Amino acid sequence: MSQSAVLSGSCLCQGIRYEISGHGLGDIIQCHCQRCRKANGTAYATNTPVRVDDFKIVQGEHLLKKYQSSPTTQRCFCGECGSPIMSIKTDTPEFYRLRIGTLDSKIEQKPSMHIFTAHKAEWETISDHLPRYAERP
């Protein structure tokens, strides 16, 4: 992404809107850990690191709720519609882990890997050819 491009996103009810500028998106990763599955209600969460300094909530910051899902992770979601927006990890305080499905801007970037596949849902079949890691690489 070029330095001048701005990506935008929002929650389902449009109450929270955000923009990403600067460095843009990191690697897009599909995480199959149980916490991500439960937090998203899906077989996996599709996340990307975004620099905290590049991320700005432009509407609805008062709607953003945080849940401490583990000693090192806070999950942030819309308190109105429940859309997961991002997570905050204490081991990488300079990054948010953005839920890529909340982006409104079109991107060309594709997922780069699957992680925590040892914990994937037993009913899920990974059918692409991306690298797979049993845990975090």
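A brief report on the enclosed structure follows. (Residues numbered from 1 in each chain as written. Predicted model: local features only at pLDDT ≥ 70, side-chain atom pairs only at ≥ 80, totals over all residues. Heavy atoms only, no water.)

### A word on the layout of surface pockets
Put simply, the largest pocket is a space of about 470 Å³. Along the walls of the largest pocket sit 23 residues, with Cys31, Lys89, Ile115, Phe116 and Arg136 positioned nearest its centre. Taken together, the elements giving at least two residues each to the lining of the largest pocket come down to strand S3 (28–31), helix H1 (34–40), strand S4 (45–51), strand S6 (64–70), strand S7 (73–78), strand S8 (84–89), strand S9 (95–99) and strand S10 (111–115). The element that contributes the greatest number of residues to the lining of the largest pocket is H1, accounting for three residues. In terms of residue class, the lining of the largest pocket is built from nine nonpolar, seven polar and seven charged. (1 Å grid on protein atoms, 1.4 Å probe; cavity = no way out; pocket = protein on both sides within 12 Å on 5 of 7 lines; lining within 4 Å. Points joined across faces, edges and corners; volume = space filled by probe spheres on them. Helix = DSSP H or I, 4+ residues; strand = E, 2+ residues; numbered from the N terminus. Nonpolar A, V, L, I, M, F, W, Y, C, P; charged D, E, K, R; others polar.)

### Brief notes about the state of the cysteines
Applying the stated criterion across every chain, the model contains zero disulfides. Sulfur of Cys76: no disulfide; nearest cysteine sulfur belongs to Cys78 and is 12 Å away. Owing to a relative accessible area of 2%, Cys76 belongs among the buried residues under this scheme. Here Cys81 stays unpaired: no disulfide links it, and the sulfur of Cys78, its closest cysteine neighbor, is 3.7 Å away. With a relative accessible area of 28%, Cys81 lands in the partly exposed category. (Disulfide = S-S within 2.5 Å. Buried < 20%, exposed > 50% of the residue type's maximum accessible area, 1.4 Å probe, protein only.)

### Some thoughts on the packing of aromatic side chains
What the rule picks out here adds up to two aromatic pairs. Measuring from ring centre to ring centre gives 5.3 Å for Phe55 and Tyr96, while their planes differ by 85 degrees; the resulting arrangement is edge-to-face. Taken together, the positions of Phe55 in strand S5 (residues 55–59) and Tyr96 in strand S9 put the pair 41 residues apart, joining distant regions of the chain. Owing to a relative accessible area of 11%, Phe55 belongs among the buried residues under this scheme. A residue is classified by how much of its surface remains accessible, and Tyr96, at 16% relative accessible area, is buried. A network of ring pairs unites the aromatic residues Tyr18, Phe55 and Tyr96 as a single cluster. (Phe/Tyr/Trp six-rings, centres within 6.5 Å; stacked < 30°, edge-to-face > 60°.)

### As for unusual backbone geometry
Trans is the prevailing form of peptide bonds, just as negative phi is the prevailing case for residues other than glycine. Positive phi, close to 70 degrees, is recorded for Gln14, a residue that is not glycine. Mapped onto the elements of the fold, Gln14 is located in the loop between strand S1 (7–10) and strand S2 (17–20). By relative accessible area, which is 31% here, Gln14 ends up partly exposed. A positive phi is found at Phe116, a non-glycine position, where the angle reads about 55 degrees. Mapped onto the elements of the fold, Phe116 is located in the segment after S10.

### Overview of the sheet that holds S5
A sheet is described by the order of its strands in space; here three strands give the open sequence S1-S2-S5, paired in antiparallel fashion. The sheet is open, and its two borders are formed by S1 and S5, each paired with just one other strand. Neighbouring strand axes in the sheet, compared pairwise and without regard to direction, differ in orientation by 25 degrees on average. Examined bridge by bridge, S2 and S5 share four bridges and lie antiparallel to one another. Opposite Arg17, over in S5, you have Gln59 as the bridge partner. (Pairing = 2+ DSSP bridges. Axes fitted to C-alpha atoms, helices over the stretch in contact; angles between N-to-C directions.)

### Some details on the nonpolar core
If you look at soluble globular proteins, the nonpolar side chains tend to sit buried side by side. Core analysis: the largest hydrophobic core is formed by 21 residues, its most contacted members being Ile20, Leu25, Phe55, Leu98 and Leu103. For this core, the secondary structure elements donating two or more residues are S2, S5, S7, S8 and S9. Looking at this core element by element, the count peaks at three residues for S8. The contact partners of Phe55, leaving out residues within four places of it in the chain, are Tyr18, Glu19, Ile20, Val50, Ile85, Met86, Tyr96 and Leu98. Of all hydrophobic cores here, the second largest spans seven residues; its members include Cys31, Ala45, Met113 and Ile115. (Core = buried A, V, L, I, M, F, W, Y, C linked by side-chain atoms within 4.5 Å. Contact = heavy atoms within 4.5 Å.)

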